[in-house]
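Chain residues, written in single-letter form:
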Amino acid sequence: MGKNDYVPLFETRPVKGRILFRLFAASILAGICFICIYRIRFFPLGGKVERWSWIGLFLSELWFSFYWFLTAVPRWNSVYRFPYKDRLSQRLEKELPGIDIFICTADPLIEPPSMVMSTVLSVMAYDYPPEKLSIYLSDDGGSDLTFYAMLEAAIFSKNWLPFCKKFKVEPRAPEAYFRTALEPDNDPVMVKEWLSVKKLYEEMKMGIETTTKLNRISEDIRKQHKGFREWDFVSSKRDHQTILQILIDGRDPNAVDIEGKPLPTLVYLAREKRPQYHHHFKAGSMNALIRVSSKISNGPIILNLDCDMYSNNSESIKYSLCVFMDEEKGDEIAYVQHPQNFDNLTKNEIYGSSFRVIQKFELPGLDANGGPCYIGTGCFHRREALCGKKYDKVRKVDWKKLNNRKIKESASVLEDTCKVLASCTFEQNTLWGKEMGLKYGCPVEDVITGLSIQRRGWKSIYLNPEREGFLGLAPTTLLQTLVQNKRWSEGNLQLFLSRYCSLLYGHKKIPLKLQFAYCIYNLYAANCLATLYYVAVPCFCLLKGISLFPKISNPWVLPFAYVVFAHRAYSLGEFLWSGGTFQGYSQATFVITEKIADDDVSKRYEQDLIEFGATSPMFDILATLAMLNLFSSVGAIKKVILDADHSKVLDVFGLQILLCLLLVTINLPVYQALFFRKDNGRMPSSVTSKSIIFALLACTLTMY
């Protein structure tokens, strides 16, 4: 195509309201400067307690200001991407590349095989040439239950794929579709077919769930496929040989659906596990899949998904290829990251799991400055970039040449020869986990991997189509949410303190704004120190009669009031504009996560009741801080009532009292769980007792 005839396959548009944000950011910065001037100018010269309390609060405010600056940097010039899949189909339909899809699961008891199979079926049914699709399931649990579920999915796919095309099904995960879809009523023949496929799915699901509950495979089922013989040599899920089975060989002319159309390739892999070797969790699983798939299908584009993250948009592949195959800008793109959305969120999102503001405002900002970070799921990768290749400006991708690579070995030969690629010893003395594939050595291996790819000269793009590409399952209890966020936060902080810190590792390799943008997530855990100080110390000082803020009658109160209320109001506006609710904003909080919950927990989750029904040190801290603020608020109100000069007390301590009352309001769900709820989701009595004792002890020591 000549340069004058070039029509882009995707468009880049600046986010609306950037000028408004810049004016707002400038005003916040001015307010911060006035606060700093106040803290320095009015530094207390009295007692030691007053001085150190003042210094600690000033340092906390400096930290909040610095972190706010980090979050403002990517928002400065955010962009949205808009792909044109019709142009892709018109120009490059015959050159569409092979796509290898990786799905990772680890434990059939926590990640039910029926759920995993719904994800597998959703990607098998993509609106894409099936002969160019290959789906790989990595089972790190090494479970014959998951293998059995894969066999059932392979059989059901012969009916499901033509059904999806005929009925234009969305989403194409059968569990999600039949949960919400209405039976067609316009054609008796179509109604009969619809009910027939639904019955087939329910029978498959019931068979998988029954087998999972029994936790064993019957002898009749074992005789149905040679692959079950592999489990005769399995000692445990942590000690077994490589199990590799090609359940559907897309090259086989007999691998067709009920209408005679070809089926995608479907592969089951349980990599070798031995107690004396570290298996590197999901990163190791992904790297094994990269190697095995290179011999079986070798698709130049790889999509990786978590086992609960089903395809919600059958056009996602074509949307992403609009980026990779764009004649001018596509060759520099290493990966296309889709947002992580969830389909089990309640209206008010009581655990703040939607990441609405991050997806709507922060990630488009990263996109404008070199590309978003890799978040571990919902990501389309260029295989060569994931395998360690550096970006070459001169080289142009020849998609026809990539598509001409043919695998000649039979499925049985490939099963035997590829097992060594997933062995425990294959990676020894190689660059795998260092310069090739996903990196090892950190809980957030996905972030390090994405940063390393960008450091090699590649760019990435954030794609958020109107219909979400993927939907997964969010945690349904507070403890699950806290544990998950703790793992992410700790991992990102480890990353900042390691040689992979974006400011060092990315120095002169990626744009400075992108280096700062990575720090938003790397330093998220460090916020806890400043937050804890701001939540606890002003309350203690209020009980002791130490003022830490300007008087209400003093003009210096204005910058404090403006920064706090303007920032929170703008933040609330962003949340509401991105589809959240006021209650969801006020309640938002920012291992393997369990994908199943009992009926009582699910019922309370749907009612927007926070689930506290477990003992945890995190709950002890949360409840103690809530009680501390309650006692401080009561003490402050008592002081206002009993003091002869009420107005003077309010004038001197007004902002501190307001802060305590605000914290009490935020903690209302905690008080409800401590004292008023009677269901099993209430706070355990041991937590209630400890929080009251600790808070009373702290208040007593402060006052006396």
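Data block above holds the structure.
Residues numbered from 1 in each chain as written. Predicted model: local features only at pLDDT ≥ 70, side-chain atom pairs only at ≥ 80, totals over all residues. Heavy atoms only, no water.

Enquirer: I'd like a rundown of the overall build of the protein chain, residues and numbers included.
Expert: Along the backbone of the protein chain there are 26 helices and 13 strands. For 704 residues, the compact-globule estimate of 2.2 N^0.38 gives 27 Å, and the protein chain sits close to it at 28 Å. C-alpha atoms of the protein chain, sized along the principal axes, occupy 95 × 65 × 60 Å. Scored against the burial criterion, the 704 residues of the protein chain give a buried share of 55%. Per element, the accessible surface of the protein chain, about 32,400 Å² overall, is 60% carbon and sulfur. Taking the average location of the 85 positive side-chain charges in the protein chain and that of its 73 negative ones, the two points are 7 Å from each other. (Helix = DSSP H or I, 4+ residues; strand = E, 2+ residues; numbered from the N terminus. Rg over C-alpha atoms; globule rule 2.2 N^0.38 Å. Buried < 20%, exposed > 50% of the residue type's maximum accessible area, 1.4 Å probe, protein only. Areas by Shrake-Rupley, 256 points an atom, 1.4 Å probe, with all protein chains shown as cover. Lys, Arg positive; Asp, Glu negative; His and termini not counted. Charge placed at Lys NZ, Arg CZ, Asp CG, Glu CD.)

Enquirer: Can you break down helix α19 (residues 527–544) residue by residue, with the values?
Expert: Side chains of residues three or four places apart in an α-helix project in the same direction, reflecting 3.6 residues per turn. Here α19 spans 26 Å end to end across 18 residues, near enough to the 26 Å set by a 1.5 Å rise per residue. Asn527, Ala530, Tyr534, Val535, Ala536, Val537, Pro538, Cys539, Cys541, Leu542 and Leu543 are the residues of α19 that are buried. Elements that come into contact with the buried residues of α19 comprise α2 (48–75), α23 (617–642), α24 (646–666) and α26 (685–703). (Expected span 1.5 Å × (residues − 1). Contact = heavy atoms within 4.5 Å.)

Enquirer: Explain a nonpolar patch on the surface residue by residue, including any values.
Expert: Residues Ile637, Ile641, Leu642 and Leu661 make up a contiguous nonpolar surface patch of about 390 Å² in total accessible area. Residue contributions to the nonpolar patch peak at three residues, all from α23. Along the chain, the position of leucine 642 falls in helix α23. Owing to a relative accessible area of 64%, leucine 642 belongs among the exposed residues under this scheme. (Patch = residues over 30% accessible without salt bridge, like charges linked within 9 Å, V, L, I, M, F, W, Y side chains within 5 Å. Salt bridge = Lys/Arg side-chain N within 4 Å of Asp/Glu carboxyl O.)

Enquirer: Break down a positive patch on the surface for me, citing the residues and quoting the values.
Expert: A surface patch of positive charge is lined by Lys390, Arg455, Arg499 and Lys509. You can see lysine 390 is positioned in the loop between α12 (383–386) and α13 (399–403). The class for lysine 390 is exposed, based on a relative accessible area of 62%.

Enquirer: Tell me about the sheet that holds strand β6 (residues 265–270), and please be specific about residues and values.
Expert: Here we have eight strands laid out as an open sheet, ordered β5-β6-β4-β3-β7-β11-β9-β12, and mixed in their pairing. Looking at which strands have only one partner, the edges of the open sheet turn out to be β5 (243–248) and β12 (459–462). Along the sheet, successive strands turn relative to each other by an average axial angle of 20 degrees, direction set aside. Alignment of strand β3 (residues 99–105) against strand β7 (residues 301–306), held across six bridges, turns out to be parallel. Residue pairing for β7: isoleucine 99 is matched across the bridge by isoleucine 301. Its contacts with the sheet place helix α4 (residues 113–124) against β3, β4 (133–139), β5, β6 and β7, and it is angled at close to 165 degrees to β4. (Pairing = 2+ DSSP bridges. Axes fitted to C-alpha atoms, helices over the stretch in contact; angles between N-to-C directions.)

Enquirer: Tell me about the pattern of salt bridges, and please be specific about residues and values.
Expert: Pairing is possible between side chains that carry opposite charge, provided their charged atoms lie close to one another. Applying the stated rule across the entire model yields 33 salt bridges. A salt bridge links lysine 166 to glutamate 259; its shortest N-O distance comes to 4.0 Å. Of the two residues, lysine 166 is situated in helix α5 (residues 144–167) and glutamate 259 in the loop between β5 and β6; the sequence distance between them amounts to 93 residues. Classification of lysine 166 as partly exposed rests on a relative accessible area of 41%. Using a relative accessible area of 42% as the deciding quantity, one classes glutamate 259 as partly exposed. A salt bridge links aspartate 306 to lysine 282, with the shortest nitrogen-to-oxygen separation between them at 2.7 Å. With a gap of 24 residues between them, aspartate 306 in strand β7 and lysine 282 in helix α9 (residues 281–296) connect regions that are remote in the sequence. Residues joined by salt bridges that share partners form a network here, namely Arg604, Glu611, Arg677 and Asp679.

Enquirer: Please give an account of the side chain of histidine 240 that cites residues and values.
Expert: The residue histidine 240 is located in the loop between α8 (219–222) and β5 in this model. Using a relative accessible area of 1% as the deciding quantity, one classes histidine 240 as buried. Beyond its immediate sequence surroundings of up to four residues, histidine 240 is in contact with Gly142, Val234, Ala270, Arg271, Glu272, Lys273 and Arg274.

Enquirer: Tell me what's going on with the packing of α23 against α26, and back it up with residues and numbers.
Expert: Between two packed helices, both the angle of their axes relative to each other and the distance between the axes serve to describe the pair. Packing of α23 against α26 brings their axes to within 8 Å, and their N-to-C directions diverge by 50 degrees. Classed by the angle they form, the pair α23 and α26 counts as oblique. Taken as a pair, α23 and α26 cross one another with a handedness that is right-handed. Here Phe619, Asp620, Ala623, Thr624, Met627, Leu628 and Phe631 of α23 come into contact with α26, specifically with Val687, Lys690, Ser691, Ile692, Phe694, Ala695, Leu696 and Cys699. Across the contact of α23 with α26, the residue classes tally to 11 nonpolar, two polar and two charged. (Parallel < 35°, antiparallel > 145°, perpendicular 65-115°, else oblique. Left-handed = near helix turned anticlockwise from the far one by under 90°. Nonpolar A, V, L, I, M, F, W, Y, C, P; charged D, E, K, R; others polar.)

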